[in-house]
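If you want the building blocks of each chain, they are given just below.
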Amino acid sequence: MNLDRSAVTTTDSSSSSSSVLHHTTLEQVKGRSKRASSNPLALSLKITVPEPSFKKIDVQTFASMIGKESVLIIDVRDEDYEGGHVKGSLHLDFSNFEQVHLPTLIKTCKEKSSSLDTIVFYCMYSEQRGPQCATSFAEKIADDKELQHLKLFVPSGGFNSFLKKYPAPNEYIDDYSAEFFYENEDGQLLHKIDAQYLDVITGEKQNFIHPHHKQE
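Residues numbered from 1 in each chain as written. Predicted model: local features only at pLDDT ≥ 70, side-chain atom pairs only at ≥ 80, totals over all residues. Heavy atoms only, no water.

Engineer: An account of the overall build of the chain is requested, with residue identities and associated values reported.
Structural biologist: Scanning the chain from terminus to terminus reveals 7 helices and 11 strands. Across the 216 residues in the chain, those meeting the buried criterion constitute 41%. The contacts of the chain with a sequence gap of at least 6 include a subset with a gap of at least 24, amounting to 66%. Here the chain displays about 12200 Å² of accessible surface, and carbon together with sulfur accounts for 49% of that area. (Helix = DSSP H or I, 4+ residues; strand = E, 2+ residues; numbered from the N terminus. Buried < 20%, exposed > 50% of the residue type's maximum accessible area, 1.4 Å probe, protein only. Contact = heavy atoms within 4.5 Å. Areas by Shrake-Rupley, 256 points an atom, 1.4 Å probe, with all protein chains shown as cover.)

Engineer: Explain the environment of Asp75 to me, using residue names and the numbers behind them.
Structural biologist: Residue placement: Asp75 occurs in strand S4 (residues 71-75). When the C-alpha positions of Asp75 and Tyr122 are compared, they lie 5.3 Å apart, and in sequence the two are 47 residues distant. Ignoring anything within four residues of it in the chain, the contact list for Asp75 reads Tyr81, His85, Ser89, Leu90, His91, Leu92, Asp93 and Tyr122. Polar contacts involving the side chain of Asp75 include one to the side chain of Arg77, which spans 2.7 Å. (Polar contact = N/O pair within 3.5 Å; in protein donor to acceptor, adjacent residues only side chain to side chain.)

Engineer: How would you sum up the sheet that holds strand S7 (residues 118-122)? Please name residues and give values.
Structural biologist: The strand order across the open sheet built from 5 strands is S3-S8-S7-S4-S6, with neighbouring strands paired in parallel fashion. Single-partner strands in this sheet number two, and they are strand S3 (55-57) and strand S6 (90-91). Two strands pair when backbone bridges link them, and S4 and S6 are joined in this way by 2 bridges, in the parallel orientation. Counted as the bridge partner of Ile74 is Leu90 from S6. (Pairing = 2+ DSSP bridges.)

Here it is as structure tokens:
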């Protein structure tokens, strides 16, 4: 269960006495949009699904971009930023991205426009926050000739998949602290904040083990 705390949560008690938590991910929203676009009624209403304003890349490609002068890496995590981040990344938290960080980011990109050609947005799982920020940025620069050359990417699986592929400490990650990352019995990696969040919404203590203490 990948958790992006920016996801919409609702409760539904119609089928049982206990409430069931629904976590709406970007993939679920996109799935509904795709189904709507092929529905005759939707077509008659001229409902269109816009093409993504960014491209997904795998973590190996992401790793190859780290440290390049032409690449700007944006970490949009919130409190789950603590414990480690991609080397050289700029932290612009999702909660303040639209109102505070976006204008500053555009200004920064213009200052570096002669050497900058790629921007990578990532969050913990790259399901909601990373894609949303990439889309917001793309919309803002759509008519800006000075920045239209920029290529936007989001790494599949976000920092979660990156850390699993390249266990820290390593040359790709700065300020790493193992105490912030846990793994469950299925091998799924979670930030400490997400583990605590699961405890709250399920009412049960989750069975997580520290990744560096996992028995072979």
